[in-house]
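Coordinate inspection notes
Single-letter residue listing:
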Amino acid sequence: MPESGMREITYAQAIREGLDQAMEQDANVIVIGEGVPDPKAIFNTTAELREKYGARRVFDMPLSENGVTGVCIGAALSGMRPVMIHQRIDFALLAMDQLVNNAAKWHYMFDGKASVPLVVRVIVGRGWGQGPQHSQSLQAMFSLVPGLKVIMPTTAHDAKGMLISAIEDNNPVMFIEHRWLHQIKDTVPETYYRVPLGQSKVLHEGDTVTVAAFSHMAVEALIAAKALMSVMGIAIEVLDMRSVSPLDVASVLRSVRKTGRLIVADTAFRTGSVAGELITQVVEQAFSALKLPPARIALPDHPMPTSPFMAEHYYPGPETIVAAVADMLGIDKNSDAYIKLTGLLVREGPHDTPNPGFTGPF
Amino acid sequence: MSKDELKLTEQQWDRLALLRSMLRIRRIEEAIAERYAEQEMRCPTHLCIGQEAIAVGVSAVLSRDDVVFSNHRAHGHYIAKGGNVRALIAELYGRSTGCCGGRGGSMHLIDLDVGFMGATPIVGGTVPLAVGSAWAASLKDEKRVSVVFFGDGCFEEGVVHESLNFAALHKLPILFVCENNEFSVYTRMSERQPDRPIYRIAEAHGMAAYHGDGNDVEEVLSIAEAAMDRARNGGGPQFIELSTYRWREHCGPNFDDHLNYRSESEIESGLKDCPIANFASRLELSNILTQSVMDSFEAEFSEEIADAFEFALSSAKPSSKEAGERVYA
């Protein structure tokens, strides 16, 4: 039984509630995005906000990603706290000029005289033929830009708390949601609460291998950790990184000093990934603590193909993480225990949906 | 020098103030050009010499609460809105007392005390910001109007059309001021746009649009007055295209006619159409301006400019240790 004021809701419901409560707290919070007030309501994350807060605070938008981002920046400079939403992160590429040249720079280039309290919610797609332009995971691209904060909450609890922190933050924040997290439930307080940006969280304690994971890969890592524990009694430490920028390197260092081994699991293309950056920083600062070279688990360096037949082995999962752990610990992959372990990790249902209930289209 | 001393009516005094304001910008820009070669103002600088009437004519109808956004060629807009001249010059010299503390330079100006919200050099970058500021004013039921200055080249940017569409859709209180000086760096209009008036495109976006002689400060003023009146009273966005001419090089202190990108006769007629000289003779004919008034303006500006440069040059230099500060609010 959850404690009072707590209940199980999905990630999507938690985001909706976070938006709702932030709008209730502060009349300057406005929400805009393609489809925000439409019947689908951005995967139900903006449902009924217009009914509650009216057409002067909840907006649909012309297909002008760059222009409307600039409009939101201008509004933010004039006292509003806009939340802008893109149904796919790929669409935000049209707004890179405004995000990189204006939002990220304004505070710095004008000597701190003004700031841009803007949240941009962007959703990373996966599966069901999302293909090359609807399933990119571009956190590394945004993390290259000083002045932007980039966060990737994994649980419903953190989605709500970090969304509220992002809205209250005086900096532009890229709030990256993985589409496959939207239907996952978690215990979420009914109250208005904050989860700090820039701090990772230990999802599973262990002393053999540190697995630092981003977004949906933290879900996969936790599955791997539970299976390793139950079948082989091996405790890996799973860190849900939660933020990309700032990146909580200190917590990873602390864990690596205990385990001596590091795997970083990212949702993005391998080369130039945040995983690579995190490993670099750990190697720079704790080389002698490492018993083995660190490993990266990430997507292959080619676009996501659309056909389910071609896409079948594109994404790493718990089995990838378990295999990397086995390599590091010298576990015999032909052993009965390992075969039993991997048997537990076989996903049921189609590979290209988050759950059997998902029937498309996006 | 006062209105009464000069025995001028309110209206005559206001006309004289337009000349004074243009001349002040001209002299400040000339002083910058003159000292730029000393290699101590180490930032790209775009002077507005020849284009002063637009900044002055439009700013004359703005109140302190109205906000202005601008672009890479922003000195005139900043000065006309009442921006701090000492902070401008100090910014060019990269000093701590500059309006951006040395983090911006000539292409990044701000003075929030007078509603100068910011100028930046990515062409088109500030146009949607001005719309956003107007949007905020509208959502908060505040009376202020947003103004954004941009050039004919900027009108080719997609974001400008996105901004016009948004402003028209939400009927926002904003003045779009397009300074058409015929050139985008060295490329003339005929190589960039078909032969049709810019302001008519804006009109097609669903807003009132005007065109006028940007070298005639009184024409600018009267168009801006009408546009402002409509913008302030629920008339939605207003677009003003004003024709003008850039005297000097796109970026830097010099004339660049040796590059031969424009003909001698064109340059000659451009320089002849001087917004300051033209208006000064008009005021002389109307017995508003005399040589002694002109002399007193010159003396006043030369003192002000000397003071601003001295202030800048005697100001503290920021340390490279501060370079990493203020990335985040």
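Residues numbered from 1 in each chain as written. Chains lettered and ligands numbered in written order. Predicted model: local features only at pLDDT ≥ 70, side-chain atom pairs only at ≥ 80, totals over all residues. Heavy atoms only, no water.

As for helix H5 (residues 127-139) of chain B
Side chains that are three or four residues apart share a direction in an α-helix, a result of its 3.6 residues per turn. Residues and elements named next belong to chain B. For H5, spanning 13 residues, the distance from its first C-alpha to its last is 19 Å, which sits close to the expected 18 Å at 1.5 Å a residue. Of all 13 residues in H5, twelve are buried; the element is thus mostly enclosed. Immediately beyond the C-terminal end of H5, within one or two residues, lies Asp141, with a positive phi of roughly 55°. (Helix = DSSP H or I, 4+ residues; strand = E, 2+ residues; numbered from the N terminus. Expected span 1.5 Å × (residues − 1). Buried < 20%, exposed > 50% of the residue type's maximum accessible area, 1.4 Å probe, protein only.)

Some details on the interface of chain A and chain B
Counting residues at the interface gives 43 residues for chain A and 43 residues for chain B. Summed over both sides, the interface of chain A with chain B buries roughly 3300 Å², with 65% coming from carbon and sulfur. When residues of chain A are sorted by the area they lose upon contact with chain B, Val71, Tyr108 and Asp111 of chain A head the list and together hold 19% of the total. Connecting chain A to chain B are three salt bridges. (Contact = heavy atoms within 4.5 Å. Buried area = accessible area lost by both parts, 1.4 Å probe. Salt bridge = Lys/Arg side-chain N within 4 Å of Asp/Glu carboxyl O.)

Some details on the domain arrangement of chain A
Residues and elements named next belong to chain A. Segmenting chain A into domains produces domain 1 (6-189) and domain 2 (201-344). Placing a centre on the C-alpha atoms of domain 1 and another on those of domain 2 gives a separation of 28 Å. Counting residues at the interface gives 26 residues for domain 1 and 25 residues for domain 2. The junction of domain 1 with domain 2 conceals about 2000 Å² of combined surface from both sides, 58% of it contributed by carbon and sulfur atoms. The three residues of domain 1 that bury the most area against domain 2 are Arg126, Met152 and Thr154, which together make up 25% of that side's buried surface. (Domains from an automatic or database assignment.)

Structural notes on the pattern of salt bridges
Residue and element names in this part refer to chain B. Applying the stated criterion across every chain yields a total of 36 salt bridges over all chains. For Arg282, the salt bridge is made with Asp216, and the minimal N-O distance between the two is 3.3 Å. With Arg282 in helix H10 (residues 275-285) and Asp216 in the loop between strand E7 (208-213) and helix H8 (217-232), this residue pair connects regions lying 66 residues apart in the sequence.

Here we look at the packing of aromatic side chains
Evaluation of the coordinates by the stated rule reveals 14 aromatic pairs over all chains. Their ring planes at 70° and their centres at 6.0 Å tell us that Trp128 of chain A and Phe358 of chain A sit as a pair that is edge-to-face. One end of the pair, Trp128 of chain A, is in the loop between strand E5 (119-124) and helix H7 (139-143); the other, Phe358 of chain A, is in the segment after helix H14 (336-344), with 230 residues separating them in the sequence. An aromatic cluster is present here, built from Phe150, Phe155, Phe176 and Phe239 of chain B joined pairwise through their rings. (Phe/Tyr/Trp six-rings, centres within 6.5 Å; stacked < 30°, edge-to-face > 60°.)

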